[in-house]
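As a plain string of letters, each chain reads:
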Amino acid sequence: AQSVTQPDIHITVSEGASLELRCNYSYGATPYLFWYVQSPGQGLQLLLKYFSGDTLVQGIKGFEAEFKRSQSSFNLRKPSVHWSDAAEYFCAVGLPSDYKLSFGAGTTVTVRA
Amino acid sequence: DAGVTQSPTHLIKTRGQQVTLRCSPKSGHDTVSWYQQALGQGPQFIFQYYEEEERQRGNFPDRFSGHQFPNYSSELNVNALLLGDSALYLCASSGFRRGYNEQFFGPGTRLTVL
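To keep things clear, this report deals only with the structure shown in the data block. The shown structure was predicted, so the numbers you read here are calculated from the model rather than taken from an experiment.

1. Remarks on the state of the cysteines
For step 1, the next point in the chain: A full pass over the atoms with the stated rule returns two disulfides over all chains.
For step 2, the next point in the chain: With its sulfur 1.9 Å from that of its partner, Cys23(A) forms a disulfide with Cys91(A). As the torsion about the S-S bond is roughly -60°, the Cys23(A)-Cys91(A) disulfide counts as left-handed. Pair noted here: Cys23(A) is in the loop between strand S3 (19-21) and strand S4 (24-26) and Cys91(A) is in strand S10 (residues 87-94), with a separation of 68 residues, a long-range link.
For step 3, the next point in the chain: The disulfide partner of Cys23(B) is Cys91(B), and the S-S distance across this bridge is 1.7 Å. Around the S-S axis, the bridge from Cys23(B) to Cys91(B) shows a dihedral of about -55° and counts as left-handed. Note that Cys23(B) is positioned in strand S3 (residues 19-24) and Cys91(B) in strand S9 (residues 87-95), a separation of 68 residues in sequence.

2. Comments concerning the interface of chain A and chain B
For step 1, the next point in the chain: Counting residues at the interface gives 22 residues for chain A and 21 residues for chain B.
For step 2, the next point in the chain: For the pairing of chain A and chain B, the buried interface totals around 1,600 Å² over both sides, and the portion due to carbon and sulfur atoms is 54%.
For step 3, the next point in the chain: When the buried surface of chain A facing chain B is broken down by residue, Leu44(A), Tyr99(A) and Phe103(A) rank first, second and third, together holding 34% of it.
For step 4, the next point in the chain: Here chain A and chain B share one salt bridge between them.

Rules used throughout
Residues numbered from 1 in each chain as written. Chains lettered and ligands numbered in written order. Predicted model: local features only at pLDDT ≥ 70, side-chain atom pairs only at ≥ 80, totals over all residues. Heavy atoms only, no water. Disulfide = S-S within 2.5 Å. Helix = DSSP H or I, 4+ residues; strand = E, 2+ residues; numbered from the N terminus. Contact = heavy atoms within 4.5 Å. Buried area = accessible area lost by both parts, 1.4 Å probe. Salt bridge = Lys/Arg side-chain N within 4 Å of Asp/Glu carboxyl O.

Structure representation (structure tokens):
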């Protein structure tokens, strides 16, 4: 069955430390991959996307993600976290033959001083 | 450049009532998708509208219906509201130039059903 999995429900990280959020997918073909961020009570903001080509993609707010076909993963990283990065992060998948996005359950990031 | 806008911001209804939510897409986009996000969960796809027609539908009952207008704006209607319909309803827009999968979201409408 097709699925998107974010294994970590909640991550706490110190300000200035690095952050990595995991995303795994199970699809027959390589899908389009996205990371969105949602601040409390807000909509979703697109951080970055992967369609094809270079497997390391750069996004906004200093985030990057690496696509690994062999591991069916698309992990999000940030070298140095700021307090404003505290939010909910969602990995999403789309297919070229489809129009909808399928989302993981999300990872809540808490940043401690 | 205005992004995706939604109205109202919040809404409180009682069971059995009907509700209409509205969305205006980002400039240059012709496609609108609707998602339901229950508390603590990821968004779930309801349906997508393109050229004033429902192009694709998720696993939602017929109580959920929609409409798209010639100016590409859209409405989501929910009839016979249930307590379980309480959620954040997100509208997303997309267009041909950057691909219909690259979707930009509005701030959402928070619906509470009592």
